[in-house]
Amino acid sequence: MLMTSPPSHAKPLLDIRALQTQFKSERGTVNAVQGVDLTIAPGEILGLVGESGSGKSVLALSILRLIQSPGTIAGGEILFDGRDVLGMSKKELTQLRGRDIGIIFQQPHGCLNPVRRIGWQVAEPLRHQGGLDRRAAWDGAIALLRSVGIPAPEEKALAYPHQLSGGQAQRVMIAIALALKPRLLIADEPTTALDVTIQAQILELLRESCRNFGTSLLLVTHDLGVVAKLADRVAVMYAGRIVEDGPVAEMLVEPQHPYARGLLRAAPRLGNAGAGRLQDIPGGIPDLSRPSPGCAFAPRCEVRRSLQLGRCLTEQPPFQTSHAGHRTRCWATDRSINPPQSVSEMSLPLEGRP
Amino acid sequence: MSDILIEEPIFHMPSRGRQLFRRLLRNPSAALGGSVLAVLILLAAFAPLITPYDPFAINPMGRLKPPTWQHWFGTDEVGRDLFSRIMYGTRYFLLICAVTASISATIGTTLGLIAGAGSALADGIIMRLIDILLAFPYILMVLVVVAILGPSLWTGMAAVGIAGIPGYARLVRSTVLTVKREDYVVSARALGASETEILFFTVLPNVLSPLIVYLSFATPLAALLASALSFAGLGTQPPAPEWGVMLVNSRTYLFSAWWAVAAPGMALFISIFGLNILGNGLRDVLDPQS
């Protein structure tokens, strides 16, 4: 039914260990990322899902060390292809950015320089980091624009960003991010600012490009539909922690963590329109400047309430690997005390997948 | 039609300059202002060919003669041909514009870039110095410089040029600070551009448009101030055919020989008006969203 995820024993391309990112302010320290462990295998598409404020964008920026003051990476390790990113010098970092890891953001128009023609903006990495001369870089830019589906790229290369539609601008950003054929592409909410009809095209383009170049993709999104279409594996983030991480088929059909289940119930589905109201998760995300000793989701958790688990509020649950490649951070999913509830009726639309 | 069209290559390397020039010509105020500037440059270049008389030649018999076919703009209080003097005056005007603008713009822009893109310490030192400069009234600062260096054409230009530095520095610094926080700078950094590349390829192009517009407005003001200095006897010295000098020499004859005042006055007015509307046109054209 689904494509198989790459074998988990493969050496990961990106290996994040116990990463902590903090923002210091007068009102205290906000722990936006609190001890995240995450790996991405070569060629893998990983969907990072979570609601606003869960720390997923901060995590994405931390990987490239783009956290600006007053934010700091307070601890942990980031290994890209075995190299220690947090220990890199400024020069090594510019090498890593663009050449090894590309990134695209949510607002494509804001990310393009308004006073320069898009052709030059695509050509720039080819010239400065790729070492091509003006002419060759320009030709390379045209070829890249064509490969991301810009019609009449020779003409469009002369355009300024404001002359592009949102979808075209995001295509241009993808061309820039992929110019140096990075091995990992980070896409931070790449389709959130776009029309629904354009979203599907951009996602298709992302998948095709990553497959063609053999690029791994870290897809940061709050949209489960996007994840269902694209990802091999899904990691769910809540209050700065990964709470569950597993293959997309299992995650979208039978998630373990109560928060992941709640997310799924809150997502609209095709096929049963009007069959019932979408269920929201009562409560809001916790104050990240006052971390609780227990599970951050516990105050909102229905499972905890029905099972009367006191441990959830006092002790941080460790990851429990239910089977190969699927792990959950929850006291309640310990199968010995809590047999999994049937969630098969909640199957997500998977018709968008190839 | 059976004509075989020889197709021009449709796609060539983009020439921003050529396209900008075309758009300038289509903008009425830029076209008019640009023509005034072009005429000034031509007159300055070919002054010896155009002028019928030596601008310094005195004629005691022909003092304060009204405009005639021999003397188009009349003669001044020592009988010099005003038309010839006005034509040579364009050289002084353009020289003053070029020198004052170069001094203010290069030093001001450099300071602004360092302050905006450099360390907080550099920013603090530079901007406090600029604040000190700004604390003095413009004209007072010019007078101080002239008092130290002595009155002449070159010290007058230096004084006006230095007085213009704070404006450029502040404009460039604030633009750099704004641009630095834009998403496209973060994006460029995220994609591996070095800080130097970001400064010159991402930030500087965004500073250029406001800089050019400011230049076109500040330059005529500087020229006017330089003329005022000459008028006060602190800049260019007589008998140079500088318009401010000509104004001060002929002002006593305002009621008996109006042309001796009107000629340099109109020359200044037309030149400065031309540069100002050129600035207006540039502002419209240089905005890439127009």
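Residues numbered from 1 in each chain as written. Chains lettered and ligands numbered in written order. Predicted model: local features only at pLDDT ≥ 70, side-chain atom pairs only at ≥ 80, totals over all residues.

Structural notes on the overall build of chain B
Inference 1: In terms of regular secondary structure, chain B is built from twelve helices and zero strands.
Inference 2: The secondary structure elements of chain B, listed N-terminal to C-terminal, are α-α-α-α-α-α-α-α-α-α-α-α.
Inference 3: In chain B, which comprises 290 residues, the share counted as buried stands at 42%.
Inference 4: In chain B, of all internal contacts separated by at least 6 residues, the share reaching a separation of at least 24 is 69%. (Helix = DSSP H or I, 4+ residues; strand = E, 2+ residues; numbered from the N terminus. Buried ≥ 20, exposed ≤ 12 C-beta atoms within 10 Å, placed from the backbone. Contact = placed C-beta atoms within 7 Å.)

So, helix H8 (residues 165-180) of chain B
All names here are of chain B.
Inference 1: Over its 16 residues, H8 extends 22 Å from the first C-alpha to the last, a length consistent with the 22 Å expected when each residue adds 1.5 Å.
Inference 2: By the criterion of burial, H8 is predominantly enclosed, with twelve of the 16 residues buried.
Inference 3: For H8, the full list of buried residues reads Ile 165, Pro 166, Gly 167, Tyr 168, Ala 169, Arg 170, Leu 171, Val 172, Arg 173, Thr 175, Val 176 and Val 179. (Expected span 1.5 Å × (residues − 1).)

Focus: the confidence of the model for chain B
It should be kept in mind that the predicted coordinates are not to be read in detail where pLDDT is low.
Residues and elements named next belong to chain B.
Inference 1: On average, residues of chain B score 87 in pLDDT, and 93% of them are at 70 or above.
Inference 2: Taken element by element, chain B is modelled with least confidence in helix H1 (residues 16-26), mean pLDDT 78, and with most confidence in helix H4 (residues 82-117), mean pLDDT 94.
Inference 3: Segment residues 1-13 is flagged for pLDDT under 50; beyond a separation of four residues in sequence, or across chains, it makes two contacts in the model.
Inference 4: Interface scoring of the predicted complex returns ipTM 0.77; its pTM is 0.77. (pLDDT = per-residue confidence, 0-100.)

Some remarks on the sheet that holds strand E10 (residues 241-247) of chain A
Residue and element names in this part refer to chain A.
Inference 1: Spatially, the eight strands line up as an open sheet ordered E6-E7-E8-E3-E9-E10-E12-E11, and their pairing is mixed. Strand pairing shows two members of the sheet lacking a second neighbour, strand E6 (101-104) and strand E11 (320-323), which therefore form its edges. Strand-to-strand twist of the sheet, defined as the mean angle between neighbouring strand axes without regard to direction, takes the value 20°.
Inference 2: Across four bridges, the pairing between strand E3 (residues 45-49) and strand E9 (residues 233-238) is parallel. The partner of Val 49 across the bridge, within E9, is Val 236.
Inference 3: The strands touched by helix H6 (residues 166-178) within the sheet are E6 and strand E7 (184-188), with E6 carrying the most contacts at an inclination of about 165°. (Pairing = 2+ DSSP bridges. Axes fitted to C-alpha atoms, helices over the stretch in contact; angles between N-to-C directions.)

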